[in-house]
Amino acid sequence: MDERVIAARLGRAVVTIGVAAVVLVALWAALLAVFDVSSFVGKSPFDVWAYLFSDAPARGVRPASLSAERARADSLAALGTTLVNAAIGFGSGMLVATAVAIGFVLWKPFETAFLPIAMLLRSVPLVAMAPLLLLVFGQGKVGIAVIAAIVVLFPALVNIVMGLGSATREALDVVRVNGGSALTALVAVRIPSALPQFLSSARISVPGAIVGAMLAEWLVGFEGMGGVLSGYKGSGNYGGVWTVVALSVLVSIVLYEVMTVVEAALLARWGPEAGAPAR
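As a starting point, this report considers the structure included with it. What you see is a predicted model, and the numbers here were worked out from it, not measured in a lab.

**Side note on the overall build of the protein chain**
Looking only at helices and strands, one finds 10 helices and 0 strands in the protein chain. Put simply, the protein chain has 279 residues, and 37% of those count as buried. For the protein chain, the accessible surface area stands at approximately 15000 Å², while carbon and sulfur atoms represent 71% of it. Charged side chains in the protein chain number 18 positive and 15 negative. The centres of these two groups are separated by 2 Å.

**Here we look at the nonpolar core**
Counting 50 residues, the largest nonpolar core has Tyr51, Phe90, Met94, Ile160, Met225 and Val244 as the members making the most contacts within it. Those elements that place two or more of their residues in this core are helix H2 (45–53), helix H3 (68–106), helix H5 (126–137), helix H6 (141–164), helix H8 (182–220), helix H9 (224–235) and helix H10 (238–270). The element best represented in this core is H6, accounting for 12 residues. Not counting the four nearest positions on each side in its chain, phenylalanine 90 is found in contact with Val152, Ala202, Ser205, Val206 and Ala209. Counting 5 residues, the second-largest nonpolar core is a separate cluster that includes Ala167, Val175, Ala185 and Val189.

**As for the side chain of arginine 203**
With respect to the helices and strands, the residue arginine 203 is situated in helix H8. Only 2.5 Å separates the side chain of arginine 203 from the side chain of glutamate 263, close enough to count as a polar contact. The contacts of arginine 203, once residues within four sequence positions are left out, are Tyr256, Met259, Thr260 and Glu263.

Reading the values: rules and limits
Residues numbered from 1 in each chain as written. Predicted model: local features only at pLDDT ≥ 70, side-chain atom pairs only at ≥ 80, totals over all residues. Heavy atoms only, no water. Helix = DSSP H or I, 4+ residues; strand = E, 2+ residues; numbered from the N terminus. Buried < 20%, exposed > 50% of the residue type's maximum accessible area, 1.4 Å probe, protein only. Areas by Shrake-Rupley, 256 points an atom, 1.4 Å probe, with all protein chains shown as cover. Lys, Arg positive; Asp, Glu negative; His and termini not counted. Charge placed at Lys NZ, Arg CZ, Asp CG, Glu CD. Core = buried A, V, L, I, M, F, W, Y, C linked by side-chain atoms within 4.5 Å. Contact = heavy atoms within 4.5 Å. Polar contact = N/O pair within 3.5 Å; in protein donor to acceptor, adjacent residues only side chain to side chain.

What follows is the structure in structure tokens.
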């Protein structure tokens, strides 16, 4: 049954990516036409394709000194850097969110002390907080990863806390009656019950990690899609700007759907309803 569930979810993910790409391209072209955006600034999906792959792109798509091969290499290198930064931030954010959520469940004074700080940090716009974080942690991968991790941390924390708290009273009572500690109840009951919320948090946090990494790279201005985007905007390379934005959106959609497949596979094997007849 696991294989059928995974195959079905993989098929839906491929269809979703295709439909999303078609809809985004159609909306993109329609909005450029409706708002009559100048072709010098507003680039169409065809222009982005020409920027990356055409040896003779339409006039103004990219600087004359920049070949398609170089444009493609720069864009893919920037994408690779951003994915690494986002992955570090994503992993760190999920790890911290899980540790803090467990602390909330095991030790209530910890929740009382930490929750106001978390809400305060959450209420401060990331754009305002990011420059300070870069000053504290530096403008390298650590600083960029910290900003990406903060984007991941708070939504994941809320979902994981709800998941750990969703364990049934009857199951917790069984552990308690048999002499189990709060830690035993956490491992045997709360964590398995929280698996769906944990995986859901991971899925929705992937695009956020990419956005956080790009924001930090934009402010640093040296590497990744954010840094390249800042440089392209400053030099008037609007074909490059639209290409970077398109790549970031496409990659976010693809990674989101990849996480849905991973989520389906893990829940089919270890989730609360594992082994139940398919509906």
